[in-house]
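# Understanding the architecture of this molecule
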Amino acid sequence: MSRAAHPAGPRYADVLTAGGVSAPPADLNALDPKVWPITAARDEEGQLTLGGLGVAELARRQGTPAYVLDEADWRRRARTWLAAFGSYDPQEPPVHYAGKSFLSKAVARWAAEEGLGLDVCSGGELAVALAAAFPAHRITFHGNNKTVAELGRALDAGVGRFVLDSHEEIDRLAAAAIERETTAAVMVRVTVGVEAHTHEFIATAHEDQKFGFSLAGGEAAEAVRHVLKFRAGGKTPPLELVGLHSHIGSQIFDTAGFETAAHRAVGLLAAIRDEHGLVLPELDLGGGLGIAYTSEDDPQDAFSIVAALKAIVARECFGYSLPTPQITVEPGRAISGPPGVTLYEVGTVKPLEGLRTYVSVDGGMSDNIRTALYDAAYTCVLASRTSEAEPMLARVVGKHCEAGDIVVKDAWLPADVRPGDLLAVAATGAYCRSMSSNYNHALRPPVLAVLDGAERVLVRRETEDDLLALDLG
Ligand SMILES: *Cc1c(COP(=O)(O)O)cnc(C)c1O
């Protein structure tokens, strides 16, 4: 897959002007509700407010750059995804928040309070979830190379689901469970030959990727046999197979790719019933549900996606005379992305006649690597004030020693943007703090939750002492 083909990356060809840049918005001060958090507004002075709090005072108190999370929006999205499923057993919620998009102790608590399940894919994410006392039975443990120590810790904690990714792991988890005389509930991760991003998906017979067991060539069926060998293992069988798992991509805007994935996965459910006389009760369709990074993105709402997924799985199961399994989804960015905004202060403005204006901010690729990594598009506004100046084509760049240090590749900003202004970049709640780095020994920004006119520091800003604490000299 070429870099440019990545999801969150390039905008669609039909909305681009000849130069490859979309036309400026009619009103540069407007906040498209599709892109900005639910509480985003402009006050009488024209300042952006989030959670009822002006960004200028927020920046004065907390500094910039800063990640700001609209708690009300985050919780509302969590609730909406759950509500889309109608009734379900609260001990086995059908929506698992993908913690890799952003996880802190407070966010794990929000997820717990809203009744979500939680996906973790490393010992570190598990540690954060456990430190927040997230109910372990609602945690699913992912990853293509979980260590023996991680598996043991997850078993000791009582993690609810393990998604098995390799034959080595099946043996490792079984051994760890036998040692503890416990049973691990497991799903087999199936790669179904579907690669889905935005409006396109490719269906192939084979999967050229590190995750999971390929359906083609019977690898997934073989993995199921391997797991089921442990079914009859003594008084306490170490592994209990509860379902299949499939994850087909990210920033997906429609259900066509899921349709092919479900078709193939349900085919395997039927084959398992025929071969082993076992009807698996769960089917996890993974995450990847898209959000609007710009006004050109048009994600479907949770209710229509869930209704479509349910209909697809029901139809496929009907074809095989299988009961419909419990469907699970794992949205990460669809919950945590839109509630997040990054605030930056402008440091320099460099106009290049006939080309564009480079606007340098006090952060960059260390707090948002997605633009450099995926060619991702973002929306950016002048946040500390409004302006009636003409639109200017800007490239918002960071302060790192790297030409590719771009925050927003093509941003229409008012032509009078000047040092000291605050810029806000929308939809940065997912995969920005969680993928951040200390490149150039940058100090990672804090994560601030805003709610009802007050802010709370969820993760504090790094200090030079933090940097030096690891350096033993
Ligand atoms: C990354 C990932 C997710 C979440 O993806 P989003 O695009 O954030 O929704 C869910 N499940 C699995 C297995 C993943 O790897």
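Residues numbered from 1 in each chain as written. Predicted model: local features only at pLDDT ≥ 70, side-chain atom pairs only at ≥ 80, totals over all residues. Heavy atoms only, no water.

## Quick look at the pairing of strand 11 (residues 200–203)
Successive side chains on a regular strand alternate, one facing one side of the sheet and the next facing the other. Pairing of strand 10 (residues 194–198) with strand 11 involves four bridges; the strand directions are antiparallel. Pairing of Ala196 across the sheet is with Phe201, part of strand 11. Linkage of strand 10 to strand 11, two consecutive antiparallel strands, is achieved through a turn of one residue. (Pairing = 2+ DSSP bridges. Helix = DSSP H or I, 4+ residues; strand = E, 2+ residues; numbered from the N terminus.)

## Side note on the packing of helix 2 (residues 71–83) against helix 9 (residues 302–319)
The contact between helix 2 and helix 9 brings their axes to 8 Å, and the two run at 30°. Looking at the two axes, helix 2 sits roughly parallel to helix 9. Remark: the crossing between helix 2 and helix 9 carries right-handed chirality. Contacts from Thr80, Trp81 and Ala83 of helix 2 reach helix 9 at Ala302, Phe303, Ile305 and Val306. Of the residues in the contact of helix 2 with helix 9, the class split is six nonpolar, one polar and no charged. (Axes fitted to C-alpha atoms, helices over the stretch in contact; angles between N-to-C directions. Parallel < 35°, antiparallel > 145°, perpendicular 65-115°, else oblique. Left-handed = near helix turned anticlockwise from the far one by under 90°. Contact = heavy atoms within 4.5 Å. Nonpolar A, V, L, I, M, F, W, Y, C, P; charged D, E, K, R; others polar.)

## Description of the pattern of salt bridges
A full pass over the atoms with the stated rule returns 26 salt bridges. Put simply, Glu114 and Arg75 hold a salt bridge, and the shortest N to O gap is 2.9 Å. Here Glu114, found in helix 3 (residues 105–114), pairs with Arg75, found in helix 2; they are 39 residues apart in sequence, far enough to count as distant. In this structure, Glu114 and Arg75 share a single accessibility class: buried. Two residues, Arg356 and Asp410, come together in a salt bridge whose shortest N-O distance is 3.7 Å. (Salt bridge = Lys/Arg side-chain N within 4 Å of Asp/Glu carboxyl O. Buried < 20%, exposed > 50% of the residue type's maximum accessible area, 1.4 Å probe, protein only.)

## Quick notes on the sheet that holds strand 3 (residues 53–54)
Reading across from one edge, 1-2-3 is the order of the three strands in this open sheet, with antiparallel pairing throughout. A strand with exactly one partner marks an edge of an open sheet, and here the two such strands are strand 1 (41–42) and strand 3. In terms of strand pairing, strand 2 (residues 48–50) meets strand 3 through two bridges, oriented antiparallel. The residue bridging Leu50 from the neighbouring strand is Leu53, located in strand 3.

## Some thoughts on the domain arrangement of the protein
Each assigned domain of the protein is listed with its residue range as follows: domain 1 (41–70 + 338–462) and domain 2 (71–336). In this assembly, 22 residues from domain 1 lie in contact with 21 residues from domain 2. Both faces combined, the contact of domain 1 with domain 2 buries some 1800 Å², and carbon together with sulfur accounts for 62% of it. Of all residues in domain 1, Asp70, Pro338 and Tyr431 bury the most surface against domain 2, accounting for 30% of the area lost on that side. Our count for the domain 1 to domain 2 interface comes out at zero salt bridges. (Domains from an automatic or database assignment. Buried area = accessible area lost by both parts, 1.4 Å probe.)

## Some details on the confidence of the model for the protein
Per-residue confidence for the protein averages 94 on the pLDDT scale, and 95% of its residues sit at or above 70. Residue range residues 1–18 is modelled with pLDDT below 50. Its contacts to residues more than four positions away, or to other chains, number 44 contacts. (pLDDT = per-residue confidence, 0-100.)

## Quick word on the site of the ligand
With respect to spatial proximity, 15 residues lie near the ligand, and among them Lys100, Gly288, Glu330, Arg333 and Tyr431 are the closest. For the ligand, a nitrogen atom lies 2.7 Å from a polar atom in the side chain of Glu330. One nitrogen or oxygen atom from the side chain of Tyr431 is found 2.6 Å from an oxygen atom belonging to the ligand. Within the complex, the protein chains bury 92% of what would otherwise be the 380 Å² of accessible surface of the ligand. When the residues that make up the shell around the ligand are grouped by side-chain class, the tally is four nonpolar, seven polar and four charged. (Near = heavy atom within 4 Å. Polar contact = N/O pair within 3.5 Å; in protein donor to acceptor, adjacent residues only side chain to side chain. Areas by Shrake-Rupley, 256 points an atom, 1.4 Å probe, with all protein chains shown as cover.)

## Examining helix 6 (residues 167–180)
Between its first and last C-alpha, helix 6 extends 20 Å over 14 residues, near the 20 Å set by a 1.5 Å rise per residue. Buried within helix 6 we find Glu169, Ile170, Leu173, Ala174, Ala176 and Ala177. On an axial view of helix 6, the arc spanned by its buried residues comes to 165°, and they lie on one face. Where helix 6 is buried, its residues contact helix 5 (148–157), strand 8 (161–164), strand 9 (184–191), strand 12 (213–214), helix 7 (219–228) and strand 13 (239–245). (Expected span 1.5 Å × (residues − 1). Arc of directions from axis to C-beta.)

## Some points on the state of the cysteines
Evaluation of the coordinates by the stated rule reveals zero disulfides. As a non-bridged cysteine, Cys380 has Cys432 as the owner of its nearest cysteine sulfur, 13 Å distant. With relative accessibility at 0%, the residue Cys432 sits in the buried group. (Disulfide = S-S within 2.5 Å.)

## Brief notes about the packing of aromatic side chains
Counting across every chain of the model gives four aromatic pairs. With a centroid separation of 5.0 Å and 75° between ring planes, the pair formed by Trp74 and Tyr97 is classed as edge-to-face. In this pair, Trp74 sits in helix 2 while Tyr97 sits in strand 5 (residues 96–98), placing the two residues 23 residues apart along the sequence. Between Phe141 and Phe162 the ring centres are 6.3 Å apart and the planes differ by 55°, which places this aromatic pair in the tilted class. Of this pair, Phe141 sits in strand 7 (residues 139–141) while Phe162 sits in strand 8, and the two are 21 residues apart along the sequence. Each of the two residues, Phe141 as well as Phe162, counts as buried. An aromatic cluster is built from Trp74, Tyr97 and Trp110, whose rings are joined through pairwise contacts. The ring of Phe141 carries Lys146 above its face, with NZ or CZ at 5.8 Å from the centroid. (Phe/Tyr/Trp six-rings, centres within 6.5 Å; stacked < 30°, edge-to-face > 60°. Lys NZ or Arg CZ within 6 Å of the ring centre and 35° of its normal.)

## Section: empty space enclosed by the protein
If you walk through the whole model with that rule in mind, you get five cavities of 30 Å³ or more. Approximately 130 Å³ is the volume found for the largest cavity. In terms of lining, the largest cavity is formed by 13 residues, of which the most central are Glu92, Pro93, His96, Arg161 and Glu282. Put simply, the parts of the chain that give the lining of the largest cavity at least two residues each are strand 15 (282–284) and strand 16 (326–328). Here the lining of the largest cavity is built from residues that sort into two nonpolar, six polar and five charged. (1 Å grid on protein atoms, 1.4 Å probe; cavity = no way out; pocket = protein on both sides within 12 Å on 5 of 7 lines; lining within 4 Å. Points joined across faces, edges and corners; volume = space filled by probe spheres on them.)

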